[in-house]
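Secondary and tertiary structure notes
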Amino acid sequence: MSDTFERACGVADVPDEGVIATEVGGVEVAVVKSEGQYFAVRDECSHAQIQLSEGDVGNCEIECWLHGSRFDLRTGEPTSLPAYDPVPVYPVRVDGEDLLVDVKNPLNQAS
């Protein structure tokens, strides 16, 4: 099996309890740091197709700024309405000063 992780950004690029938008393998990704951990989710709310990277982060969740839908960064599952569909969550690996993301093998079954 080949390694499908690609560089998303630098570790220092992602602020604590923050998010940045980037593209990995042609997929728009929100790379997030929350509670000392790194996460990657598709940068699009499943409710209104709004960039999640423009929302707030806290307690391992990201909130869509438009309607307030919140998503668990570990599972992609919505934790508040109006969203009811999950967002794709991707594996993240720290490699020295780089964050690598695997968009080819999501951790969940979100579309």
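Residues numbered from 1 in each chain as written. Predicted model: local features only at pLDDT ≥ 70, side-chain atom pairs only at ≥ 80, totals over all residues. Heavy atoms only, no water.

Details of the pairing of strand S3 (residues 27-34)
What counts here: Only protein chains enter the accessibility calculation, which uses a 1.4 Å probe; a residue is then buried when its area is under 20% of its type maximum, exposed when over 50%, and partly exposed in between. Per the convention used, a helix needs a DSSP run of H or I reaching at least four residues, while a strand needs a run of E reaching at least two, with both numbered from the N terminus. For two strands to be treated as a pair, DSSP must find no fewer than two bridges joining them.
Of all 8 residues that make up S3, 7 are buried, and the element is covered over most of its length. Of the strand pairs in this sheet, strand S2 (residues 18-24) and S3 are connected by 7 bridges, and their pairing is antiparallel. By the bridge assignment for S3, Thr22 is matched with Val29. Between S2 and S3, which pair antiparallel in sequence order, lie 2 residues; one of them, Gly25, sits at a positive phi of approximately 55°. Sheet analysis places S3 next to strand S4 (residues 37-42), joined by 6 bridges and oriented antiparallel. By the bridge assignment, Val29 is partnered in S4 with Arg42. Linking S3 back to S4 in an antiparallel pair, the connection comprises 2 residues, with Glu35 at a positive phi of about 50°.

Side note on the UniProt feature "domain: Rieske" (unreviewed entry) in the chain
Quick note on the threshold: UniProt positions are given in the numbering used here, feature names are shortened, and annotations may be inferred rather than shown by experiment.
The sites that UniProt annotates as "domain: Rieske" (unreviewed entry) are residues 6-101. Taken end to end, residues 6-101 comprises 0% helix and 47% strand; its first and last C-alpha atoms sit 5 Å apart.

Things to note about the nonpolar core
Counted only if it meets this: Take the buried Ala, Val, Leu, Ile, Met, Phe, Trp, Tyr and Cys residues and link them wherever side-chain atoms come within 4.5 Å; each set so joined is a nonpolar core. Residue contacts are counted whenever heavy atoms from the two residues lie within 4.5 Å of one another.
If you look at the biggest cluster of nonpolar residues, it comprises 18 residues, and the most contacted ones within it are Val19, Val32, Val41, Leu52, Ile62, Phe71 and Leu73. Discounting chain neighbours no more than four positions away, the residues touching Leu52 are Val41, Arg42, Asp43, Glu44, Cys45, Ile62, Glu63, Cys64, Phe71 and Val87. Listed in part, the 15 residues of the second largest apolar core include Ile20, Val29, Tyr38 and Tyr90.

Topic: the sheet that holds strand S10 (residues 98-101)
Operational definition: Think of each axis as a best-fit line through the C-alpha atoms, taken over the contacting stretch in the case of a helix, with angles from 0 to 180 degrees between the N-to-C directions.
The 3 strands are arranged S1-S10-S9 in an open sheet whose pairing can be described as antiparallel. Either end of the sheet is taken by a strand with one partner, and the two such strands are strand S1 (6-10) and strand S9 (92-95). Taken over all neighbouring pairs, the strand axes of this sheet differ in orientation by 35° on average, direction set aside. With 4 bridges joining them, S9 and S10 adopt antiparallel strand pairing. Paired with Asp95 across the bridge in S10 is Asp98.

Digging into the pairing of S4
Direction of pairing for S4 relative to strand S8 (residues 89-90): antiparallel, over a ladder of 2 bridges. Note on S8: the bridge partner recorded for Val41 is Val89.

Regarding unusual backbone geometry
In the segment running from Leu81 into Pro82, the intervening peptide bond is cis, with an omega of 20°. Tracing the chain through its elements places Pro82 in the loop between strand S7 (70-72) and S8. Although it is not a glycine, Gln49 adopts a positive phi angle of roughly 55°. Among the secondary structure elements, Gln49 is positioned in the loop between S4 and strand S5 (56-58).

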